[in-house]
Amino acid sequence: WFRLESNKQGTRWFGKCWYIHELLRYEFDLEFDIPVTYPATAPEIAIPELEGKTAKMYRGGRICLTDHFKPLWARNVARFGVAHAMALGLGPWLAVEIPDLVEKGLVKPKEKGGAQK
């Protein structure tokens, strides 16, 4: 449900994430930088195309992970990594927000050719 790659230094990550809702695929570009204080600080995942469409998002399209994921990260510093940020941060966020955005008509499913409907 996500595909990532990084720059040569491993400090900037980018890729795609997708969520299946009612058998339709919703796909988004995502990006994040590894913080200077990593691993003490979790990456801030951004989905720029969703900026302003939900209250659970900060400026720049960064998704809100403060209440649920950041305390979990803090308890598991040095054991968690990028995959944990995706699975335990982005995954639950998509599961809550995408169905709501679909219901409001703010996002459209991806067509089989690759474009959003």
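Above this text sits the structure in question.
> Got a sec to walk through the overall build of the protein? Specific residues and values, please.
On a plain count of helices and strands, the protein comes out with 2 helices and 5 strands. A burial count over the protein gives 35% of its 117 residues as buried. The long-range share in the protein, meaning contacts at least 24 apart out of those at least 6 apart in sequence, stands at 41%. Of the roughly 7100 Å² of accessible surface on the protein, a fraction of 54% belongs to carbon and sulfur atoms. Here the protein carries 17 positive and 14 negative side-chain charges, and the mean point of each set is 3 Å from the other.

> Any chance you could break down the environment of E44 for me, citing the residues and the numbers?
Take E44: it is sitting in the loop between β3 (24-33) and β4 (57-58). Sequence spacing of E44 and R25 is 19 residues, and the spatial spacing of their C-alpha atoms is 24 Å. Residues in contact with E44, not counting those within four places in the same chain, are E31, F32, R62 and K70. Here R62 takes part through its side chain, which lies 2.6 Å from a polar atom of the side chain of E44.

> How would you explain the side chain of E97 if you had to name every residue and give the values?
Tracing the chain through its elements places E97 in helix α2 (residues 82-103). Looking at E97, its side chain comes within polar contact range of the side chain of K56, at 3.5 Å. Every residue in contact with E97, bar those within four places of it in the chain, is listed here: T54 and K56.

> Outline the packing of aromatic side chains, supporting the account with residue identities and numerical values.
A complete count under the given rule lists 5 aromatic pairs for this structure. Taking the centre distance of 4.7 Å and the plane angle of 75° together, the rings of W1 and F2 count as edge-to-face. Residue class for W1 comes out partly exposed when judged on its relative accessible area of 39%. Its relative accessible area of 30% is what places F2 among the partly exposed residues. Grouped by ring-pair contacts, the aromatic residues Y38, F69, W73 and F80 constitute a single cluster.

> Give me the pattern of salt bridges: which residues, what numbers.
Taken as a whole and assessed by the stated rule, the structure comprises 10 salt bridges. Across the salt bridge formed by K16 and D29, the nearest N and O atoms sit 2.6 Å from each other. One end of the pair, K16, is in strand β2 (residues 12-21); the other, D29, is in strand β3, and 13 residues separate them in sequence. Among the residues examined, K16 registers a relative accessible area of 33% and is labelled partly exposed. Take D29: its relative accessible area is 38%, and that puts it in the partly exposed class. Between K104 and D100 there is a salt bridge whose closest N-O contact spans 3.1 Å. A network of salt bridges, in which partner residues are shared, links K16, R25, E27, D29 and K110.

What counts as what
- Residues take numbers from 1 onward in each chain, read along the sequence in its written order.
- Totals for whole chains, interfaces and linings use all residues, but because this is a predicted model, local features are given only for residues with pLDDT of at least 70 and pairs of side-chain atoms are given and counted only at 80 or more.
- Here the side-chain values reflect all heavy atoms present in the structure, with hydrogen atoms and water set aside.
- Secondary structure elements follow DSSP: runs of H or I of four or more residues count as helices, runs of E of two or more count as strands, with numbering from the N terminus.
- Under the scheme applied here, a residue whose accessible area is under 20% of the maximum for its type counts as buried, over 50% as exposed, and between as partly exposed, the area being computed with a 1.4 Å probe on protein chains only.
- Between two residues, a contact is recorded if the distance between any of their heavy atoms is within 4.5 Å.
- All accessibility values rest on the Shrake-Rupley procedure with a 1.4 Å probe; residue burial counts only the protein chains present in the view.
- For the purpose of charge, His is not counted, nor are the chain termini; Lys and Arg are scored as positive and Asp and Glu as negative.
- Charge placement uses NZ in Lys and CZ in Arg. For Asp and Glu, CG and CD serve respectively.
- Two N or O atoms count as a polar contact when they lie within 3.5 Å, although within protein this holds only if one can serve as hydrogen donor and the other as acceptor, and sequence-adjacent residues are included solely when both atoms are side-chain atoms.
- Two aromatic rings, drawn from Phe, Tyr or Trp (for Trp, its six-membered ring), form a pair once their centres lie within 6.5 Å of each other, and the interplanar angle then sorts them: stacked below 30 degrees, edge-to-face above 60, tilted otherwise.
- Whenever Lys or Arg places a side-chain nitrogen within 4 Å of a carboxyl oxygen from Asp or Glu, that contact is recorded as a salt bridge.

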